[in-house]
Amino acid sequence: MNKTFKNSYYVQNLNLTALSIYNVGFQKCDPGFSWGPGVRNHYLIHYIISGKGVYEKNGRIFHLEAGDCFLVYPNEECMYQADDREPWEYSWVGFAGVDAQPIINAAGFTPEEPVLRQLQNGDALDRQIHHIYDLRGNTLASSVEMSGRLYTALSCLLKNSDMHTVNNSYSDYVKAALDFMQSHYSYPISIQEVADYVGVSRSHLFRAFEQCLNQSPKEYLTSLRIEAACRMLDDTSLSVTVIANSLGFDNSLYFSKVFRKAMGCSPTEYAHRHGHY
């Protein structure tokens, strides 16, 4: 009988904002071993190597087996448990960042259907997760290497995805818009300018974002700017006016209003909490 085991690593260096790994590992579970109910503050993908188990989320129970993959969403309560007779073995990787949600959506996961069944290239996904584990370390160089492997791992899910034609076209529009916004969010770009760059109408871009990301282009652009503002407030003593001007906001008062709505406090209060000003 195979012995149970668990190998896991929790990353301390979370400086990368596009895609940062929180934890990675693999485990052969005891019969009936469970986690939860509980919540995570990041995305967490499990790929089932062998055995069986159940995943419960929002009152739904998903019966899973080898070859299946399930996703834990940030801040959403869930529970998962190994089968009593054929307990599962799985590998996992937890991550977050501005690139996470677009990739998750493009892979075919949804909050209502957080599972992908019988991945055609599941072995490749499992290998990449093990490679991430092998690269473990808390230096910036290790974080960059691990994130690079994570992109490769997630590409296995994208290749497996069987999206509808309309979603493919929407994904193309959204990807182009994301690239443009991530490169130009520090400038006072408008959503109309983003739509012009992509080559679609503003309303069409809105529908594409709602379909793929469950948020509007303006909401995504604002989130990029607020995340950048938090980094600047964490690492510098720049004034609120300087930060607002550096991130494409019309003025510091509007920036403060948007920041408070997103973070629950003013930029100055945020900076005080982190030892600045």
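Residue positions are counted from 1 within each chain, in the order its sequence is given. It should be noted that, the model being predicted, local features are given only for residues of pLDDT at least 70 and side-chain atom pairs only at 80 or more, the latter also being counted only at that level, while totals for whole chains, interfaces and linings use all residues. Side-chain numbers come from the whole structure's heavy atoms, not from hydrogens or water.

Caption draft 1: Examining the pattern of salt bridges more closely. Every case where a carboxyl oxygen of Asp or Glu lies within 4 Å of a side-chain nitrogen of Lys or Arg is listed as a salt bridge. Within this structure, the stated rule accounts for six salt bridges. Among the ionic pairs, Lys52 bridges to Glu86, the shortest N-O distance being 3.6 Å. Taken together, the residues Lys52 in strand β5 (residues 52-57) and Glu86 in the loop between β8 (78-82) and β9 (89-96) connect sequence positions 34 residues apart. For Lys57, the salt bridge identified is with Glu76, shortest N-O distance 2.8 Å. Of this pair, Lys57 sits in strand β5 while Glu76 sits in the loop between β7 (69-72) and β8, and the two are 19 residues apart along the sequence. Residue burial is assigned from relative accessible area. The probe radius is 1.4 Å, only protein chains are included, and a residue is buried under 20% of its type maximum, exposed over 50%, and partly exposed in between. The buried category is assigned to Lys57, whose relative accessible area is 3%. For Glu76, a relative accessible area of 25% puts it in the partly exposed group. Going along the chain from the N terminus, every DSSP run of H or I of four or more residues is numbered as a helix, and every run of E of two or more is numbered as a strand.

Caption draft 2: Spatial organisation of the pairing of β7. Side chains of β7 alternate between two faces, with Cys69 and Leu71 and Phe70 and Val72 buried alike. By definition, two strands form a pair when at least two bridges between them are found by DSSP. Sheet analysis places strand β4 (residues 43-50) next to β7, joined by four bridges and oriented antiparallel. If you follow Tyr47 over to β7, its bridge partner there is Cys69. Two elements, β7 and strand β10 (residues 115-116), share two bridges in a ladder whose sense is antiparallel. Within β10, the residue paired with Cys69 across the bridge is Leu116.

Caption draft 3: Representation of helix α7 (residues 217-235). Helices are assigned an expected span. That span is 1.5 Å times one less than the residue count. Taking 1.5 Å per residue as the helical rise, α7 with its 19 residues ought to reach 27 Å, and the 27 Å between its terminal C-alpha atoms agrees with that figure. Listed in full, the buried residues belonging to α7 are Pro217, Tyr220, Leu221, Leu224, Arg225, Ile226, Ala228, Ala229, Cys230, Met232 and Leu233.

Caption draft 4: Molecular detail of the environment of Ser246. Within the fold, Ser246 resides in helix α8 (residues 240-246). For the pair Ser246 and Gln128, spaced 118 residues apart in sequence, the C-alpha separation works out to 38 Å. Leave out the neighbours within four places in its chain, and Ser246 touches Ser186 and Met232. Contacts were defined at the residue level, with two residues in contact if any of their heavy atoms lie within 4.5 Å.

Caption draft 5: Local environment of a positive patch on the surface. Exposure above 30% relative accessible area and no salt bridge define the residues that can form patches, which grow by joining like charges within 9 Å and nonpolar side chains of Val, Leu, Ile, Met, Phe, Trp and Tyr within 5 Å. For the accessible areas, the method is Shrake-Rupley and the probe is 1.4 Å, while residue cover comes only from the protein chains on display. When charges are tallied, Lys and Arg are placed among the positive residues and Asp and Glu among the negative ones, while His and the ends of the chain are skipped. We put the charge of a Lys on NZ, of an Arg on CZ, of an Asp on CG and of a Glu on CD. Residues Arg202, Lys218, Lys257 and Lys261 make up a contiguous surface patch of positive charge. Looking at the secondary structure, you find Lys261 in helix α9 (residues 252-263).

Caption draft 6: Structural detail: the state of the cysteines. Two cysteine sulfurs form a disulfide in these notes if their separation is within 2.5 Å. Evaluation of the coordinates by the stated rule reveals zero disulfides. Free of any disulfide, Cys29 has its nearest cysteine sulfur in Cys78, 14 Å distant. Considering cysteine sulfurs only, Cys69 is the nearest to Cys156, which forms no disulfide, with 10 Å between them.

Caption draft 7: Geometry of unusual backbone geometry. Look at the link from Gly36 to Pro37: it is a cis peptide, with omega at 5 degrees. Turning to its location among the elements, Pro37 is positioned in strand β3 (residues 34-38). Positive phi, normally seen in glycine, also occurs at Gln118, with a value near 50 degrees. Considering the arrangement of structural elements, one finds Gln118 in the loop between β10 and α2 (122-134). One non-glycine residue with positive phi stands out, namely Asn214, at about 55 degrees.

Caption draft 8: Representation of the nonpolar core within the structure. Of all hydrophobic cores here, the largest spans 39 residues; its most connected members are Met181, Leu205, Phe209 and Phe259. Breaking this core down by element, the ones donating at least two residues are α4 (165-184), α5 (191-198), α6 (202-213), α7, α8, α9 and α10 (267-273). No other element matches α7, which puts nine residues into this core. What is meant by a nonpolar core is a set of buried Ala, Val, Leu, Ile, Met, Phe, Trp, Tyr and Cys residues, joined one to another through side-chain atoms within 4.5 Å. If you look at the next biggest cluster of nonpolar residues, it comprises 30 residues, including Ile21, Tyr43, Leu116 and Met146.

Caption draft 9: Representation of the packing of aromatic side chains. Put simply, two rings from Phe, Tyr or Trp (the six-membered ring, in Trp's case) pair if the centres are within 6.5 Å, and we call them stacked under 30 degrees between planes, edge-to-face over 60, tilted for the rest. Taken as a whole, this structure holds 18 aromatic pairs when the rule is applied. An angle of 55 degrees between the planes, with centres 5.0 Å apart, marks the rings of Phe249 and Phe255 as tilted. Relative accessible area serves as the criterion here: at 8%, Phe249 is assigned to the buried category. The exposure class of Phe255 is buried, given its relative accessible area of 0%. An aromatic cluster is defined as three or more aromatic residues linked by ring pairs; in this entry it consists of Trp35, Tyr55, Phe62, Phe70, Tyr80, Trp88, Tyr90 and Trp92. By the criterion adopted, a ring carries a charge over it if an Arg CZ or a Lys NZ lies within 6 Å of its centre and within 35 degrees of its normal. The ring centre of Tyr133 lies 4.1 Å from the NZ or CZ of Arg136, which sits over that ring. It is Arg225 that lies over the ring of Phe249; its NZ or CZ is 5.8 Å from the centre.

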